[in-house]
Protein chains: 4
Amino acid sequence: MNAQTEKPNPSDERRRSLVCAAFEAIAADGFEGLRTRSVAARAEVNIATLHYYFPTKEALIGGVAQYLAAQFVALHGPPPVPSGSVALDRLHQEFSDVQFYCEQQSDLVVVMLELQLRARRDEAIAAIIDPLMGHWRGGLEQMIRAGIEEGVFRADLDPPAAASVLTATFSGALTLGISEPGLEGVFVELERWLLRQ
Amino acid sequence: MNAQTEKPNPSDERRRSLVCAAFEAIAADGFEGLRTRSVAARAEVNIATLHYYFPTKEALIGGVAQYLAAQFVALHGPPPVPSGSVALDRLHQEFSDVQFYCEQQSDLVVVMLELQLRARRDEAIAAIIDPLMGHWRGGLEQMIRAGIEEGVFRADLDPPAAASVLTATFSGALTLGISEPGLEGVFVELERWLLRQ
Amino acid sequence: MNAQTEKPNPSDERRRSLVCAAFEAIAADGFEGLRTRSVAARAEVNIATLHYYFPTKEALIGGVAQYLAAQFVALHGPPPVPSGSVALDRLHQEFSDVQFYCEQQSDLVVVMLELQLRARRDEAIAAIIDPLMGHWRGGLEQMIRAGIEEGVFRADLDPPAAASVLTATFSGALTLGISEPGLEGVFVELERWLLRQ
Amino acid sequence: MNAQTEKPNPSDERRRSLVCAAFEAIAADGFEGLRTRSVAARAEVNIATLHYYFPTKEALIGGVAQYLAAQFVALHGPPPVPSGSVALDRLHQEFSDVQFYCEQQSDLVVVMLELQLRARRDEAIAAIIDPLMGHWRGGLEQMIRAGIEEGVFRADLDPPAAASVLTATFSGALTLGISEPGLEGVFVELERWLLRQ
DNA sequence: GATGAATGAGCATTCATTCAT
DNA sequence: AATGAATGAATGCTCATTCAT
């Protein structure tokens, strides 16, 4: 047993259940349909209890944003078949993740989009979402540099621009809800573009 | 005199000003912040007058969706320098449009995203937005086929998949707000991927 | 028919009935117990209707303050037996008023005290109440000067100080709820103090 | 060692700090703004602890009323220059007290007024405040009788009525917030009225 | 004695919608 | 065609109070 798994503070447990309830509510009806009362009911607590843990609706939404960020770190698609190239493996993991989010975690995608839209008007949300996206893009850029170095990716790629293409394409694919078999074709084209010859 | 320029019905004029007001309100505060009273006030009419033209808030939002679709048809970036290839010109026009929407028409982008999210929960909106996206994708696919035929684009491109990559990348670029100079790099990479050799 | 009596605007009528209801509620339970819902119910309108006329509770309280000021101008005790002296008649009228407010209009007194207390924390209320008190004091000072000039009041009275004594004593009598027969004795003493010899 | 100075029970100490916090809260925002949570926070205890000492908000207010009564007994303005007359000294002390409360202890005045208003609706408060006022009036009446007997005050004064005038005037002066130099003029007029010749 | 957690009841205010005029 | 007035049903939030620990 380690500190992360033992005795979850009952108070933290309640916070978490409220955040989960809010997350589900946003996934179902968007921010437009988010009602503190519904969230409290879904978490089976009194509305006053919700406000005991989250003094305002804004604070609750902030909690949802943090939860979302944690989910993107924790949840991933199945690992790809090893290819012998670190960069290619990373790219395939990315493909796997996108497909996984698209097919198994569509709630995560919807809430992410809602939060991205909200981040434009709410600095507190932007402070959580922007670093998340930045981290994603950074990882992809690093992957591209590694792939070029390995000689697996085309040498004439511009790593920042290529990372932008990937984040934009993945993000767009999730937004547009491109699912199988379309997704497979997209991945093939992306790989053809990145790979040497 | 043709149908487009002759005397705009004063009733249509009012509908349009209400829809514009609603569009601006959504761009500013999202659906979450859309209030019929604010829309009426912005259009300088009584709230009851708004309901005379749009019996429900839903109907007003439907009007906004149609207005948005019309805007995407009407508004475009500056035409590119002719390249001698129809397909390449079309691609460059697409690049010009994306840059134009991103930099000059961010309201259009925001409202589009809001409507895409809403379309998941509202069939009436989906009935307007989905054909719009389908038409866009269809045009891109046709462009790719033409480019292959012209010998300008790579012959091994899978037209539907490549069209999906383009729509996804453009959509993602608009969502993420990738602006100059990043956008230029994205276009360069996309062109390198599509072009022969 | 004159402008004051003919056709009371039905909208003004509703405002008035809401203010009256609020006045009665304050008289009964103080500001502490003032509930917009109770006021609306007492005026037999929906709570939303109350907010149509008074956007905030503060605005409603402001309306009550203005109503109170108007009541003090409109309502008076029975006129005293003419004494031959203008100043003395005015003093007797003042006595009559105090007794009248104390015995017949205790609601007016209670609400006045509540508003005086609130004026200390609310500038909008102070802007209505302070001039009312100032006007009262000013009238009394003028009366004292007239009485001195007539030779009815003591010549060595300091008009401003004497006016302060009168306003303070009247105000205190209303606050403490000194009623008959005590009130009569107070008036006798005040008159003995003011009158020559 | 006497009962008043020896070891203040720590429990009494906490009650006192809660009452003081409530007193300050009422002085600042009136009963309307009195919140048990704010009082507890100001006294730096948990809200549940407040309810341990004062089972209800009413009980806490009762404690404030008793504290207020004790303050009026304990706090006084500076003693006046001895005049040779016990009654006159007492009157001057009264003047000194009024000025002191008005200028140095305005919180005491505000809370007193709040409690007087509340006493009209709350018998428990009336049971504390009324005797306080009665005692004050009684002392003034006694002073007037003494002054008449000493030959310092006018012989034709009606002691109960004169005591009422004094309590009313003092109370009114505090309510209206008549401060220097106006207060001095009021005292001069009152003395001129009371004194022989 | 003291407190963190919890809640029922309620509060001012809002909102889309309706309707008589 | 247009509007002032009106409203039922919420909505986010608050508050005094309780209770297990």
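Everything below is about the structure shown above.
## Points about the overall build of chain A
Item 1. On a plain count of helices and strands, chain A comes out with nine helices and zero strands.
Item 2. Along chain A, helices and strands appear, N-terminal first, in the series α-α-α-α-α-α-α-α-α.
Item 3. In terms of overall dimensions, chain A has C-alpha extents of about 60 × 40 × 30 Å along its principal axes.
Item 4. Looking at chain A as a whole, 35% of its 197 residues qualify as buried.
Item 5. Sequence-distant contacts, at least 24 apart, represent 58% of the contacts inside chain A between residues at least 6 apart.

## Overview of the protein's contact with DNA strand E
Item 1. Of all residues adjacent to DNA strand E, which total 36 residues, the nearest are S11, N46 and A48 of chain A, A48 of chain B together with A48 of chain D.
Item 2. Elements supplying a minimum of two residues to the surface near DNA strand E: α1 (10-29) and α3 (47-53) of chain A, α2 (36-42) and α3 (47-53) of chain B, α2 (36-42) and α3 (47-53) of chain C together with α1 (10-29) and α3 (47-53) of chain D.
Item 3. A breakdown of the residues in the surface near DNA strand E according to their chemical character gives 16 nonpolar, twelve polar and eight charged.

## Observations regarding the relation of the copies chain C and chain D
For the pair of chain copies, the relating operation is a rotation around an axis with a shift along it.
Item 1. Overlay of chain C on chain D (RMSD 0.1 Å): rotation 180 degrees, translation along the axis 0.0 Å. The two molecules are tied by a two-fold rotation axis, judged by turn and shift.
Item 2. When the interface residues of chain C are mapped onto chain D, 100% of them again lie at the interface, so the same face is used by both copies.

## Comments concerning the relation of the copies chain B and chain A
Item 1. Least-squares fitting of chain B to chain A yields an RMSD of 0.1 Å, with the superposition described by an axial translation of 0.0 Å and a rotation of 180 degrees.
Item 2. By residue overlap, the copies meet face to face through one surface: 100% of the interface positions of chain B are interface positions in chain A.

## A closer look at the packing of helix α7 (residues 123-150) of chain D against helix α8 (residues 159-176) of chain D
All names here are of chain D.
Item 1. One can describe the packing of α7 onto α8 by two numbers: an axis separation of 8 Å at closest approach and a directional angle of 125 degrees. Of the possible angle classes, the one that applies to α7 and α8 is oblique. Crossing geometry of α7 relative to α8 is assigned as right-handed. Between α7 and α8, the contacting residues are W136, R137, L140, E141, I144 and R145 on the first element and P159, P160, A162, A163, L166 and T167 on the second.
Item 2. In the contact of α7 with α8, the residues fall into eight nonpolar, one polar and three charged.

## Digging into the environment of R196 of chain D
Residues and elements named next belong to chain D.
Item 1. Note on placement: R196 falls in the segment after α9 (182-194).
Item 2. As a C-alpha pair, R196 and E114 span 82 residues in sequence and 37 Å in three-dimensional space.
Item 3. With sequence-adjacent residues up to four places away left out, R196 is seen in contact with G151, V152, F153 and R154.

Definitions and cut-offs
- Residues numbered from 1 in each chain as written.
- Chains lettered and ligands numbered in written order.
- Predicted model: local features only at pLDDT ≥ 70, side-chain atom pairs only at ≥ 80, totals over all residues.
- Helix = DSSP H or I, 4+ residues; strand = E, 2+ residues; numbered from the N terminus.
- Buried ≥ 20, exposed ≤ 12 C-beta atoms within 10 Å, placed from the backbone.
- Contact = placed C-beta atoms within 7 Å.
- Near = placed C-beta within 6 Å.
- Nonpolar A, V, L, I, M, F, W, Y, C, P; charged D, E, K, R; others polar.
- Least-squares fit on C-alpha atoms with pLDDT ≥ 70 in both.
- Axes fitted to C-alpha atoms, helices over the stretch in contact; angles between N-to-C directions.
- Parallel < 35°, antiparallel > 145°, perpendicular 65-115°, else oblique.
- Left-handed = near helix turned anticlockwise from the far one by under 90°.

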